[in-house]
Amino acid sequence: MALLEITDMSVAYGRIEALHGVSLTVEQGELVTLIGANGAGKTTTMRAVSGLRAPSRGSIVFDGKDITRMKPHLRVLEGIIQAPEGRGVFPGMTVTENLEMGCYARTFESKAQHDETLDHVFELFPRLAERRDQVGGTMSGGEQQMLAIGRALMARPRLLLLDEPSMGLAPMIIAQIFRIVSEINAQGTTVLLVEQNAQQALSRSHRAYVLETGNVVRSGPGRELLADPAVKDAYLGVA
Ligand SMILES: Nc1ncnc2c1ncn2[C@@H]1O[C@H](COP(=O)(O)OP(=O)(O)O)[C@@H](O)[C@H]1O
Ligand SMILES: [Mg+2]
């Protein structure tokens, strides 16, 4: 049984349907990527998974439980955690305080568990450890993205949702973010990633789905899609 199973899901904004019967699965331990052009419905899919947008049709099952109508905060308790969109760092709070906000919605069972998780985040992001007392608003774009991901990790996700974590960052920082996402996944966290940076995302994903105007038009192992001429043509900027 898949950890996440979306079946025949449609999502609308008012009378405009943005997703038309999307089906996709994420297995326990996988890194799965959604790629697609602007407006294809990637963010809408993520919103439906986190509960911010209700499907008009279809179902979402998480770990065997139907969560299609479950409230967002209850999904967080189940371990479905989205790194804040547009980074969403609290500018006046320090790095550590920002990270602490991540466990607010899903509290720790013990102080030891909290300390262990915080240490783990600082190990993954030495940059954040160095700057733990710096306020978020003075960090670079890349550092803020790391902070946003670190904050999501503080909630100990069973499914981590990342919507375009590389957006607007310099190539070197993008490579770093991708390495860290791979590492988070390799350490056991299941990840659903949305990316326009198809080359890097596909080469690091177990599987991927291509969304076009609200439909899944292709899916398969990341490396297979990377070699697919139609995908190359449309998303990799090479014919
Ligand atoms: N809040 C909204 N209200 C109305 N239409 C929206 C809203 N958000 C997204 N859409 C529309 O839904 C479609 C999918 O958008 P989105 O999921 O944001 O795509 P992507 O993340 O792939 O760029 C687009 O046509 C977009 O204009
Ligand atoms: Mg989007």
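Everything quoted here is computed from the prediction, not taken from an experiment.

Reading guide: rules and limits
Residues numbered from 1 in each chain as written. Chains lettered and ligands numbered in written order. Predicted model: local features only at pLDDT ≥ 70, side-chain atom pairs only at ≥ 80, totals over all residues. Helix = DSSP H or I, 4+ residues; strand = E, 2+ residues; numbered from the N terminus. Rg over C-alpha atoms; globule rule 2.2 N^0.38 Å. Buried ≥ 20, exposed ≤ 12 C-beta atoms within 10 Å, placed from the backbone. Contact = placed C-beta atoms within 7 Å. Pairing = 2+ DSSP bridges. Axes fitted to C-alpha atoms, helices over the stretch in contact; angles between N-to-C directions. Parallel < 35°, antiparallel > 145°, perpendicular 65-115°, else oblique. Left-handed = near helix turned anticlockwise from the far one by under 90°. Nonpolar A, V, L, I, M, F, W, Y, C, P; charged D, E, K, R; others polar. Domains from an automatic or database assignment. Near = placed C-beta within 6 Å.

**Digging into the overall build of the protein chain**
Item 1. When helices and strands are counted, the protein chain shows 10 helices and 10 strands.
Item 2. Relative to its length of 239 residues, the protein chain is compact, with a C-alpha radius of gyration of 17 Å against a globular reference of 18 Å.
Item 3. Based on the C-alpha atoms only, the size of the protein chain along its principal axes is roughly 45 × 40 × 35 Å.
Item 4. Expressed as a percentage of the 239 residues in the protein chain, the buried residues total 40%.
Item 5. At a minimum sequence separation of 6, the contacts of the protein chain that also span at least 24 residues come to 65%.

**What about the sheet that holds strand β1 (residues 4-13)?**
Item 1. An order of β2-β1-β4-β5 is seen for the four strands of this open sheet, with the pairing classed as antiparallel. Both edges of this open sheet fall to β2 (16-26) and β5 (65-66), since each of them pairs with a single strand only.
Item 2. The pairing of strand β4 (residues 57-62) with β5 spans two bridges and is classified as antiparallel. Looking at the pairing, V61 lines up with D66 of β5.

**Some points on the packing of helix α3 (residues 95-102) against helix α6 (residues 141-153)**
Item 1. Packing of α3 against α6 leaves a shortest axis separation of 6 Å and a crossing angle of 40°. Here α3 lies oblique to α6, going by the angle between them. Crossing geometry of α3 relative to α6 is assigned as right-handed. Residues V95, N98, L99, M101 and G102 of α3 pack against L147, G150, R151, A152 and L153 of α6.
Item 2. Taken together, the residues of the contact of α3 with α6 break down into six nonpolar, three polar and one charged.

**Here's the deal with the domain arrangement of the protein chain**
Item 1. According to the domain assignment, the protein chain consists of domain 1 (1-79 + 158-238) and domain 2 (88-156).
Item 2. Computed over C-alpha atoms, the centres of domain 1 and domain 2 are 24 Å apart.
Item 3. Listed by contribution, the elements that provide at least two residues to the side of domain 1 that touches domain 2 are α2 (72-78) and α7 (171-186).
Item 4. At five residues, the largest contribution of residues to the side of domain 1 that touches domain 2 is made by α7.
Item 5. Across the side of domain 1 that touches domain 2, the residue classes break down as nine nonpolar, three polar and one charged.

**Section: the site of ligand 1**
Item 1. Every residue near ligand 1 is listed here: Y13, I16, A18, G36, N38, G39, A40, G41, K42, T43 and T44.
Item 2. For the shell around ligand 1, the elements supplying multiple residues, two or more each, are β2 and α1 (42-50).
Item 3. Per-element tally for the shell around ligand 1: the top contributor is α1, with three residues.
Item 4. Looking at the shell around ligand 1, its residues break down into four nonpolar, six polar and one charged.

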